[in-house]
Amino acid sequence: MAGTSVAVVSYVINNGPRPVAESTRQRVLEAIRLTGYRPNGVARALASGSTKTYGLIVPNIGNTFVASMAHVLLQASLDHGHVMLLGDAGDDRQRELELIHSLLSRQVDGLFYNSVDRHPYIDVIQASGTPFVMLDRVEPQPGVSMLRVDERQAAFQVTSHLLSHGYRQVGIISGPLEMLNAQDR
């Protein structure tokens, strides 16, 4: 429709690797608009080796902290031209494993993983070769990237701060005892 080769259309869509004359570029863009053409993400992923997709597995999106963390990660992904698929395990260990397998089968470029308990399926992800970052809940391990809050150290620092200011009656209001961070605090 634009009177060009497939390669020229590709150069316009991908902004390179070769320059295209502005008049040709405009003809291609108009043909794209008229036909409603959209690039095939699956074909692009096969050709580039990247799906531009991350996976995020969380124990329960209803948890305010988890929801806030997910929001920030989703926005950062979009800011870098990626999308993020969210997997909510619903505090169910078996469902968590199913989500891991599902996201890995979709060839995500990486996983962010916050496990339901202290026994995450790190071996499953490592076996796939997919890069991942553990979010909270696990002890440091060689070869595993992680972001975590040391709840015990944070509780210690808060308590020490209060004691250093002369407070002698210190209490804590915490979440349900089945929550791992409440246990640690």
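Residues numbered from 1 in each chain as written. Predicted model: local features only at pLDDT ≥ 70, side-chain atom pairs only at ≥ 80, totals over all residues. Heavy atoms only, no water.

**Side note on the pattern of salt bridges**
Evaluation of the coordinates by the stated rule reveals 4 salt bridges. The partner of R93 in a salt bridge is D117, with the nearest N and O atoms 3.3 Å apart. With R93 in helix α5 (residues 93-105) and D117 in the loop between β3 (110-113) and α6 (122-128), this residue pair connects regions lying 24 residues apart in the sequence. Assessed through its relative accessible area of 31%, R93 is described here as partly exposed. Close ionic contact of R152 with D184 constitutes a salt bridge, the shortest N to O distance being 3.4 Å. (Salt bridge = Lys/Arg side-chain N within 4 Å of Asp/Glu carboxyl O. Helix = DSSP H or I, 4+ residues; strand = E, 2+ residues; numbered from the N terminus. Buried < 20%, exposed > 50% of the residue type's maximum accessible area, 1.4 Å probe, protein only.)

**Regarding a nonpolar patch on the surface**
A cluster of nonpolar side chains, contributed by L163, Y167 and V170, occupies part of the molecular surface with about 270 Å² of accessible area. With respect to the helices, strands and loops of the structure, Y167 is situated in the loop between α7 (151-164) and α8 (180-184). (Patch = residues over 30% accessible without salt bridge, like charges linked within 9 Å, V, L, I, M, F, W, Y side chains within 5 Å. Areas by Shrake-Rupley, 256 points an atom, 1.4 Å probe, with all protein chains shown as cover.)

**Quick look at the side chain of E96**
Here E96 is to be found in helix α5. No salt bridge is formed by the buried E96. Its closest oppositely charged neighbour is R93, at 4.5 Å. Among the polar contacts made by the side chain of E96, one reaches the main-chain amide nitrogen of V116 at a distance of 2.5 Å. Setting aside residues up to four positions removed in sequence, E96 forms contacts with I57, A89, Y113, N114, S115, V116 and Y121. (Lys, Arg positive; Asp, Glu negative; His and termini not counted. Polar contact = N/O pair within 3.5 Å; in protein donor to acceptor, adjacent residues only side chain to side chain. Contact = heavy atoms within 4.5 Å.)

**With respect to the packing of helix α1 (residues 6-13) against helix α2 (residues 22-35)**
Packed helices, taken two at a time, are described by the angle their axes make and the gap between the axes. Contact geometry for α1 and α2: axes closest at 10 Å, N-to-C directions at 90°. Classified by the angle their axes make, α1 and α2 are roughly perpendicular. Contacts between α1 and α2 pair V8, V9, V12 and I13 from the former with T24, R25, V28, L29 and I32 from the latter. Looking at the contact of α1 with α2, its residues break down into 7 nonpolar, 1 polar and 1 charged. (Axes fitted to C-alpha atoms, helices over the stretch in contact; angles between N-to-C directions. Parallel < 35°, antiparallel > 145°, perpendicular 65-115°, else oblique. Nonpolar A, V, L, I, M, F, W, Y, C, P; charged D, E, K, R; others polar.)

**A closer look at the packing of aromatic side chains**
Under the criterion given, the structure shown has 1 aromatic pair. A centroid spacing of 5.8 Å and a plane angle of 80° characterise the contact between Y54 and F112, whose relative ring orientation is edge-to-face. Taken as a pair, Y54 in strand β1 (residues 53-58) and F112 in strand β3 lie far apart in primary sequence, 58 residues in all. (Phe/Tyr/Trp six-rings, centres within 6.5 Å; stacked < 30°, edge-to-face > 60°.)

**Brief notes about the side chain of D184**
Its location among the elements puts D184 in helix α8. Separated by 3.4 Å, the side chains of D184 and R152 make a polar contact. Those residues in contact with D184, other than ones at most four positions away along the chain, are R118, E151 and R152.

**Side note on the environment of S128**
Within the secondary structure layout, S128 lies in helix α6. Separated by 23 residues in the primary sequence, S128 and S105 place their C-alpha atoms 9.5 Å from one another.

**With respect to helix α4 (residues 64-79)**
Here α4 contains 16 residues, and its C-alpha end-to-end distance of 23 Å stays within 8% of the 22 Å for a straight helix at 1.5 Å per residue. Just downstream of α4, G81 is the residue with a positive phi angle, here 75°. (Expected span 1.5 Å × (residues − 1).)

This is a description of form; function is not addressed.
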